[in-house]
Structure formats: C-alpha cells, structure tokens
Amino acid sequence: MLTADVPVKGALALPEDGVAVVQLEEGVFEALDLTCTHLGCRVRATENGFTCPCHGSRFGPRGQVLTGPAAAPLHRLASRLEDGVLHIAGKAGT
Ligand code: FES
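Let me sum up the structure you'll find in this document. (Residues numbered from 1 in each chain as written. Predicted model: local features only at pLDDT ≥ 70, side-chain atom pairs only at ≥ 80, totals over all residues. Heavy atoms only, no water.)

**Some points on the overall build of the protein chain**
- In terms of regular secondary structure, the protein chain is built from zero helices and 10 strands.
- Along the protein chain, from the amino end to the carboxyl end, the secondary structure elements read β-β-β-β-β-β-β-β-β-β.
- The principal-axis extents of the C-alpha atoms in the protein chain amount to approximately 40 × 25 × 20 Å.
- A total of 94 residues make up the protein chain; the buried ones form 35% of that total.
- Within the protein chain, contacts between residues separated by at least 24 positions form 33% of all contacts whose residues are at least 6 apart in sequence.
- Accessible surface, the protein chain: about 5300 Å² in total, of which carbon and sulfur atoms supply 51%.
- On the protein chain, the mean spot of the 8 positive side-chain charges and the mean spot of the 10 negative ones are 9 Å from each other. (Helix = DSSP H or I, 4+ residues; strand = E, 2+ residues; numbered from the N terminus. Buried < 20%, exposed > 50% of the residue type's maximum accessible area, 1.4 Å probe, protein only. Contact = heavy atoms within 4.5 Å. Areas by Shrake-Rupley, 256 points an atom, 1.4 Å probe, with all protein chains shown as cover. Lys, Arg positive; Asp, Glu negative; His and termini not counted. Charge placed at Lys NZ, Arg CZ, Asp CG, Glu CD.)

This is the structure:
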C-alpha cells in the first residue's frame, strides 16, 4: 500500500485486508491486525484508535488496550517500507 495515503499520527484502515497502517510520526509506520484479541471480531478505526463492535473493547492508536474485555493489544504485523510502498507480511495486495 502507498504510505502517502496514511495521515501523520493517524491510521488508514484496510478492512478488506484486515489491517490498519498507522503513521506514528513522519515516516514511521506500523501495521496492525484488525482482529480483536478478545474473541476475534473485526475492530473498526476511530478518531482515537480502534473499537470492537462485539463487546466494546477499545484500543489506542498503537493497538494498546484502553478498555477490556480484551486483555492483549492488537497484533503488529511485520512490514517493510520500500520506495514509499509498505509491504505487509502475509497480506497480498497491500
Ligand atoms: S471480540 Fe472484541 S471485545 Fe469481544
């Protein structure tokens, strides 16, 4: 995926791929799995992070748990930045 689409200090969710890309600061990216660590629902991006529609867990912008019942942060996915394109391990087409 093109990193130019990700706002600085923001996130771009790609629900069809089950991932979100977060730009923590200029040029620093992280890829997060959108699978809730509670029981596996798909979390949604919000202005301040991510929320789970199933049981209300909330996660911060880096995937850290803000409110349970989830006890573990969203999983980080291995990624590699190359010429402005972020390649995410195991996610074809991103
Ligand atoms: S599956 Fe997300 S809070 Fe339960």
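**Here's the deal with the nonpolar core**
- With 12 residues, the main nonpolar core is built from Ala20, Val22, Leu24, Leu32, Leu34, Cys36, Val43, Phe50, Cys52, Phe59, Ala70 and Leu74.
- Looking at this core, the element that brings in the most residues is strand 2 (residues 19-25), giving three residues.
- Judged by nonpolar contacts, the second largest core, of 10 residues, contains Met1, Leu14, Val19 and Ile88. (Core = buried A, V, L, I, M, F, W, Y, C linked by side-chain atoms within 4.5 Å.)

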